[in-house]
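# Remarks on the overall topology
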Amino acid sequence: MKLLSSKIKNNVLESMLRIIENDREQILEANKKDIEAFNKEDQALLDRLIVNNAKINGMIKAITEVKEQEDPVGKDISNLTLDSGLVITNKTAPFGTILIIYESRPDVTIEAAVLAFKANNKILLKGGKEALQTNIILEKCWHKALEENNISKDWIKLLHLQREDTQEFLRNPPEKLDLIVPRGGERLIKFVKEHASCAVLISGRGNNFLYVAEDADWTKTMRVIVNAKTDKISGCNALDKVLINKNISNYEVKIKELEQVLKQLNVNIVTDKNTSNLIPENDKIENTAIWEEEFLALKILIAEVDDLESAINKINNYSGGHSAAILTEDSEKAKTFMEQVDSAAVYHNASTRFTDGGQMGVGAELAISTDKLHHRGPLGLKQLVTNKYYVFGDGHIRD
């Protein structure tokens, strides 16, 4: 796709803002059809599926934020003039064509597309069947905005593929793909990695841990745990596991207080062998596989650890590499934890719920990457470019 000027891209986004507002009722009606056809048992998936006026306002906000951000394409990364006289400039450049595969969330159809388009990438959107009607109307909104500005509809395209068709599309894409971003659970990620024939950037699962050190401020700890667990259970940044240092003062009293507060909030508690002795009326670990599980539910595992080192080892062994937090008043302990825990985001005395583009100052995000190449954490506008070298000579040849 050719390079578009910042003005043209922003004009498309300006059109999109007006169109979404005008088509608000149609979007809500389409989403109502998706919800009526949905299996209501999966509360986390349902939470992601629902589009209401607040969600539409969020879409409008995301487009506005991206429109106001500086165009990330064509920015100088470095400039060198060699002794030979060659001038070498390294500049940011679009990826080309990005495919994003995602489950349930129709707002991704807005956020992913606005980011990709502003960064001059073509984007192919493969949403889940549960959000089909909502995604169709959102694609129509995008196409209206593009056509109003005499831009090809091919820049933003919704793919209508069944599972088998998607496998074949990944193995033998009908057009060149430069990057695939699977945004969902373990099964989706494994599926894409097995069948893709180009670069895959993993938007990983959560399975986030929080370690309570022996010197932790208990008031802060309770507030952070409750927020991280209950604020939004469908978020990949929600808390799953709590590791408590057995040497914390009034250990038994604090464990029982945590149990009481979580039960009042209808959180299902799972305990390890040691914590089950203190709070026996809860589910116990039956299979070690639970340590690798992302709950996406009102469910939490509470376990005992001996020290900071054992907490770090357990987190690095089992977590999804997304977010991890330490509650401590000791800055050296926090430093050790944050340096040694291998996660995209590490926190000191704060909720894991902040691992989000908007909360981290990135703005709208394509995904939260748990890969280490080419970027880790929220994938915002600045992260949706690669680079290209421009080499200027005057008949230069290499000796």
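Heads up: these notes are all about the structure in this document. Starting from 1, residues in each chain are numbered consecutively following that chain's sequence as written. Local features in a predicted model are, by the rule used here, given only for residues with pLDDT of at least 70; side-chain atom pairs are given and counted only at 80 or more, and totals for whole chains, interfaces and linings are based on all residues. Hydrogens and water molecules were not included; the side-chain quantities draw on all heavy atoms of the structure.

## As for the nonpolar core
Generally speaking, a soluble globular protein has its nonpolar side chains buried in company with each other. In this text, buried Ala, Val, Leu, Ile, Met, Phe, Trp, Tyr and Cys residues form a nonpolar core when linked through side-chain atoms within 4.5 Å. To sort residues, take the accessible area from a 1.4 Å probe on protein chains only and compare it with the maximum for the residue type: under 20% means buried, over 50% means exposed, and anything in between is partly exposed. In terms of nonpolar packing, the biggest core is built from 53 residues, with Ile20, Ile100, Ile123, Leu125, Ile156 and Leu366 touching the most fellow members. The greatest single-element share of this core, amounting to eight residues, is contributed by helix H5 (residues 107-118). A contact between two residues is defined here by any heavy atoms of the two lying within 4.5 Å. With near-sequence residues (within four places) excluded, Leu125 lies in contact with Ile100, Tyr102, Thr109, Ala112, Ala113, Ile156, Lys157, Leu158 and Leu159. With 26 residues, the next largest nonpolar core counts Trp218, Ile244, Tyr251 and Ile300 among its residues. Helix and strand assignments come from DSSP, with helices taken as H or I runs of at least 4 residues and strands as E runs of at least 2, each series counted from the N terminus.

## Quick word on the packing of helix H9 (residues 218-230) against helix H10 (residues 251-264)
It is the contact of H9 with H10, at a shortest axis distance of 11 Å, that shows an interaxial angle of 35°. The crossing of H9 and H10 is right-handed. Within the contact between the two elements, H9 uses Trp218, Met222, Ile225 and Val226 and H10 uses Lys254, Glu257, Leu258 and Val261. Note that Gly is not counted as nonpolar here; it falls among the polar residues with everything else outside the nonpolar set of Ala, Val, Leu, Ile, Met, Phe, Trp, Tyr, Cys and Pro and the charged set of Asp, Glu, Lys and Arg. Looking at the contact of H9 with H10 residue by residue, the class counts come to six nonpolar, no polar and two charged. Here an angle of 0 to 180 degrees is reported between the N-to-C directions of two axes, which are lines fitted to C-alpha atoms, with helices fitted over the stretch in contact. Helix crossings get a hand from a simple test, with the near helix turned counterclockwise from the far one by less than a right angle marking a left-handed crossing and a clockwise turn marking a right-handed one.

## Some details on unusual backbone geometry
Most peptide bonds are trans, and most residues other than glycine sit at a negative phi. For the bond running from Leu373 to His374, omega is -5°, close enough to zero to count as cis. Its place among the elements puts His374 in the loop between strand E14 (368-369) and strand E15 (377-378). If you check the backbone angles, Asn150 has positive phi at about 60° while not being a glycine. Within the fold, Asn150 resides in the loop between helix H6 (132-148) and strand E5 (156-158). Residue classification places Asn150 among the exposed positions, given a relative accessible area of 72%. Even without being a glycine, Leu296 presents a positive backbone phi close to 50°. Mapping Leu296 onto the fold places it in the loop between strand E10 (283-284) and strand E11 (299-305). Overall, Leu296 belongs to the partly exposed group, its relative accessible area being 24%.

## Some thoughts on the side chain of Ser104
With respect to the element layout, Ser104 can be found in the loop between strand E3 (97-102) and H5. Exposure remark for Ser104: the relative accessible area of 0% places this residue in the buried category. Reaching out from Ser104, the side chain makes a polar contact with the backbone oxygen of Leu45 at a distance of 2.8 Å. Contact partners of Ser104, with chain neighbours within four places excluded, come to Leu45, Arg48, Leu49, Gly128, Glu130 and Ala131. Contacts described as polar in this section are N or O atom pairs within 3.5 Å, which, within protein, must combine one atom able to donate a hydrogen with one able to accept it, while residues neighboring in sequence count only if both atoms come from side chains.

## Quick look at helix H12 (residues 308-318)
Three or more residues of H12 are buried, namely Leu308, Ala311, Ile312, Ile315 and Tyr318. Projected onto a plane normal to the axis of H12, the buried residues spread over an arc of 155° and lie on a single side. In H12, the exposed positions angled more than 90 degrees off the buried face are occupied by Glu309 and Asn317. Elements that come into contact with the buried residues of H12 comprise strand E7 (208-212), strand E8 (239-245), E11, strand E12 (323-327) and helix H13 (331-340). Capping the start of H12, Asp307 holds a side-chain oxygen 3.4 Å from the backbone nitrogen of Glu309, two or three residues further along. Working definition: the arc comes from the directions between the helix axis and the C-beta atoms, pointing outward to the latter.

## With respect to the pattern of salt bridges
Definition used for salt bridges: Asp or Glu carboxyl oxygen within 4 Å of a side-chain nitrogen of Lys or Arg. Counted under the stated rule, the structure contains 26 salt bridges. With its nearest N and O atoms 2.7 Å apart, the salt bridge here joins Glu175 to Lys122. Here Glu175, found in the loop between helix H7 (163-171) and strand E6 (179-183), pairs with Lys122, found in strand E4 (residues 122-126); they are 53 residues apart in sequence, far enough to count as distant. Relative accessible area serves as the criterion here: at 7%, Lys122 is assigned to the buried category. Linked through salt bridges whose partners overlap, the residues forming this network are Glu214, Asp215, Asp330 and Lys333.

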